Amino acid sequence: MRLLFPRHAAADSGGVRRLYGRDLDARGLRYEYLDGGTVDRDAVVERFQQGDAHLQAGAYQAAIDEFLKAYELFPSDRIHFNIAQAYRLKGDRDKALDHYMQVPKDHPLWVQALIEQGWTQLAIDDFSGAIGNMYSLHSPYFKAVYQPESFVVRTIGYLNICQYGDAYRTLSHIEHD
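Everything quoted here is computed from the prediction, not taken from an experiment. (Residues numbered from 1 in each chain as written. Predicted model: local features only at pLDDT ≥ 70, side-chain atom pairs only at ≥ 80, totals over all residues. Heavy atoms only, no water.)

### Looking at the overall build of the protein chain
Helices and strands together make up the secondary structure of the protein chain, namely 10 helices and 2 strands. Listed N to C, the secondary structure of the protein chain is β-α-α-β-α-α-α-α-α-α-α-α in terms of helices and strands. When burial is assessed residue by residue, the protein chain has 36% of its 177 residues classed as buried. (Helix = DSSP H or I, 4+ residues; strand = E, 2+ residues; numbered from the N terminus. Buried < 20%, exposed > 50% of the residue type's maximum accessible area, 1.4 Å probe, protein only.)

In structure tokens:
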């Protein structure tokens, strides 16, 4: 097991090291600070690029393997998104959903991850889940985020549960926006 401390932990004048370092050393656990110089950045980039190449070539399991290796070297929310995409394309929708849900709400890819999660939910007949996720994007909080695809996902969800009026109203929002 290897523990990773965030970059700000390295800048706290050794406080984290004083609090946890001795205990971790005594237990024989490896740890490092993610301060930019502790991770083999080239290896992470190479794994990520290999994963992306496999994804583009349709070799989804190879892509998953490379993305997981990159994630092991450097846990990143961006890599979760790519792992999810590869699992979705491979047809392993449950694992895809798990990884889409690990993209944090404050990450720039979160909106796209939520839409992809909605498509995946439609594929596994979780229509109410897909509708609910897209409904979140249509709240006033996300007024500045225009994602027409989210209206399509929501509409398909409504159609599958025979809510034709709601489906029509959802599509009407695209015309008004």
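### Re the packing of helix H5 (residues 77–90) against helix H7 (residues 110–123)
It is at 11 Å that the axes of H5 and H7 come closest, and there the two elements cross at 20 degrees. By the angle between their directions, the pair H5 and H7 is classed as roughly parallel. As for the relative orientation of H5 and H7, their crossing is left-handed in sense. Contact with H5, carried on its side by Phe 81, Gln 85 and Arg 88, involves Gln 112, Ala 113, Glu 116 and Thr 120 of H7 and no other residues of that element. Across the contact of H5 with H7, the residue classes break down as 2 nonpolar, 3 polar and 2 charged. (Axes fitted to C-alpha atoms, helices over the stretch in contact; angles between N-to-C directions. Parallel < 35°, antiparallel > 145°, perpendicular 65-115°, else oblique. Left-handed = near helix turned anticlockwise from the far one by under 90°. Contact = heavy atoms within 4.5 Å. Nonpolar A, V, L, I, M, F, W, Y, C, P; charged D, E, K, R; others polar.)

### Let's talk about unusual backbone geometry
Residue Asp 125 is not a glycine yet carries a positive backbone phi of 65 degrees. For Asp 125, the location among the structural elements is in the loop between H7 and helix H8 (127–137). Of the residues examined, Asp 125 reaches a relative accessible area of 55% and is grouped as exposed. In the Ramachandran plot, Cys 162 falls in the positive-phi region, its phi being about 60 degrees despite a non-glycine side chain. Relative to the assigned elements, Cys 162 resides in the loop between helix H9 (148–160) and helix H10 (164–176). Judged by relative accessible area, which is 48%, Cys 162 ranks as partly exposed.

### Describing the environment of His 54
Here His 54 shows up in helix H3 (residues 41–57). For His 54, a relative accessible area of 24% translates into the label partly exposed. Spatially, the C-alpha atoms of His 54 and Ile 64 are 8.6 Å apart, while their sequence positions differ by 10 residues. Filtering out sequence-adjacent residues up to four positions away, His 54 remains in contact with Ala 59, Ala 62, Ala 63 and Glu 66.

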